[in-house]
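# Remarks on the overall topology
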Amino acid sequence: MLVYLDCDPGIDDALALGYLLAHPAVDLALVGSVSGNTDADTAARNARDLLELFGRPDIPVAVGRTDFLTHPYAGGAPHVHGDNGIGGVELPRGSAAFAAGSAADELIALARARPGELHVLAIGPLTNLAVALEREPALAGLVADVVIMGGAALAPGNVTAAAEANIHNDPEAAAAVFAADWDVTIVPLDATMFQRFEQADLDALQAEGPRARALGRMLHTYYAFYRQHFGRPSSALHDPLAAAVLTGEAVVSSAARVPVVVDTSDGPGRGQTIAELRGRYRPVAPHHPDGVRIVFDIAEPFAPQLLARLLSL
Ligand code: RIB
Ligand code: CA
């Protein structure tokens, strides 16, 4: 499957990138950076260096938007992902040059070149996708589908009580992406907060080769943040879970396709993903053909699948 990855590496973005490269069915054609956990330039350097680490410097990286649609980038999440975005881990510098075009323009070109084939996986704020839709209104009809790590349907947010980070960083972009005429699946905190790596997973990565060890070193920073939430060395698997929903390796056991609106106000709900779930108590989950597919749960724990893929890098 032909994939475009839009990301803000980001420690869990790094896990998702490793997962995609380890999956035999994935043809990762292009990586785009966006501001979120860190600024878009740093995210692009991190993506390039991770691709070098994983032995795939041939995969192009396009630099995306630094600022969001209606407000400037404001410093990211160093308290979660470290000052350099990947837990302070210094990777060997990748040698590849960045793509000539912006992430949005390179996405448009790829979608035009491979109409109907491209699967878009967005695991950062949705700024690049919104810019691409604005520049090429036909984009929605050119891609196969869009899978997004983002949002919180019934679960609380993580950057505010109401909003998840990727959506909160650029609610206007998320609103545009959800409103476009393409097949959108979101993998929200409702699902991702319950799929976790534990100490044993970190130990297994640290005992493996240089690629897995580098990811293990990054996870030390991520575990330090999540200790306050889970009470033990552990981390949520936000972005890699979205990647596994895209590949189908994470089998979805609970989902609903419903209208989702994004709060773009400047009030306490800014960035909230408001899902029309009032029909959820019926025997059959609500289904609105034009809605956004929300993943609530998967059939099996994801951590063992992810660990196996990362150890095979
Ligand atoms: O809320 C979690 C999401 O925000 C993940 O994609 C993480 O990498 C950050 O981008
Ligand atoms: Ca991310």
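Residues numbered from 1 in each chain as written. Chains lettered and ligands numbered in written order. Predicted model: local features only at pLDDT ≥ 70, side-chain atom pairs only at ≥ 80, totals over all residues. Heavy atoms only, no water.

### Considerations on the pattern of salt bridges
This is how it is decided: Here, a salt bridge means any side-chain nitrogen of Lys or Arg that lies within 4 Å of a carboxyl oxygen of Asp or Glu. Here the term buried applies to any residue with accessible area under 20% of the maximum for its type, exposed to any over 50%, and partly exposed to those in between, with areas from a 1.4 Å probe on protein chains only.
Applying the stated rule across the entire model yields 11 salt bridges. For the salt bridge of D49 with R48, the shortest nitrogen-to-oxygen distance reads 3.0 Å. Here D49 and R48 have matching classes, each one buried. For the salt bridge of R270 with D266, the shortest nitrogen-to-oxygen distance reads 3.7 Å. Overall, the relative accessible area of 75% leaves D266 in the exposed class. Three or more residues joined by partner-sharing salt bridges are found here, namely E172, D266 and R270.

### So, the confidence of the model for the chain
This is how the line gets drawn: Think of pLDDT as the predictor's per-residue confidence, scored from 0 to 100. Going along the chain from the N terminus, every DSSP run of H or I of four or more residues is numbered as a helix, and every run of E of two or more is numbered as a strand.
Of the residues in the chain, 100% reach a pLDDT of 70 or more, and the chain-wide mean stands at 97. Here helix 3 (residues 78-81) is the element of the chain with the lowest mean pLDDT, 95, and strand 4 (residues 118-122) is the one with the highest, 99.

### Topic: the site of ligand 1
As a reminder of what qualifies: Residues are classed as near a molecule or strand on a simple rule: at least one heavy atom within 4 Å of it. Throughout this description, a polar contact denotes any pair of N or O atoms lying within 3.5 Å of each other; where both atoms belong to protein, one of them has to be capable of donating a hydrogen while the other can accept it, and for residues adjacent in sequence the pair is counted only when both atoms sit in side chains. In short, Shrake-Rupley with a 1.4 Å probe defines the accessible areas, and a residue's cover is counted only from the protein chains shown. Each residue gets one label: Ala, Val, Leu, Ile, Met, Phe, Trp, Tyr, Cys and Pro are nonpolar, Asp, Glu, Lys and Arg are charged, and the others, such as Gly, are polar.
Taken together, 13 residues lie around ligand 1, and D12, N158, E164, N166 and D239 are the ones closest in. In the environment of ligand 1, an oxygen atom lies 3.0 Å from a nitrogen or oxygen atom belonging to the side chain of D8. Within the contact set of ligand 1, an oxygen atom lies 2.5 Å away from a side-chain nitrogen or oxygen of E164. Protein coverage of the free-state accessible area of ligand 1, which is 270 Å², stands at 96%. Where the shell around ligand 1 is concerned, the elements lending two or more residues are helix 1 (11-22), helix 7 (165-169) and helix 12 (238-247). Here the shell around ligand 1 is composed, by residue class, of three nonpolar, five polar and five charged.

### Points about the packing of helix 10 (residues 199-206) against helix 11 (residues 210-230)
Convention followed: As a rule, the C-alpha atoms of each element are fitted with a line to give its axis, helices using only the stretch in contact, and angles between N-to-C directions run from 0 to 180 degrees. For any pair of crossing helices, the crossing counts as left-handed if the nearer helix is rotated counterclockwise from the farther one by less than a right angle, and right-handed if it is rotated clockwise. Throughout, a residue-residue contact means that at least one pair of heavy atoms, one from each residue, lies within 4.5 Å.
Where helix 10 contacts helix 11, the axes come no closer than 7 Å and their chain directions differ by 145 degrees. The element helix 10 and its partner helix 11 pack so that their crossing is left-handed. Two secondary-structure elements touch here, helix 10 through Q199, D201, L202, L205 and Q206 and helix 11 through A212, R213, G216, R217, L219, H220 and Y223. Looking at side-chain class alone, the contact of helix 10 with helix 11 contains five nonpolar, four polar and three charged residues.

### So, the nonpolar core
Just so we agree on the cut-off: To form a nonpolar core, buried Ala, Val, Leu, Ile, Met, Phe, Trp, Tyr and Cys residues must be joined to one another through side-chain atoms within 4.5 Å.
Judged by nonpolar contacts, the single largest core of 64 residues is most densely connected at L28, V31, L121 and F197. It is helix 11 that provides the largest number of residues to this core, a total of 10 residues. Aside from chain neighbours lying at most four places away, what touches L121 is V3, Y4, L5, D6, L20, V147, A242, A243 and L246. With 44 residues, the next largest nonpolar core counts L30, I167, V262 and V292 among its residues.

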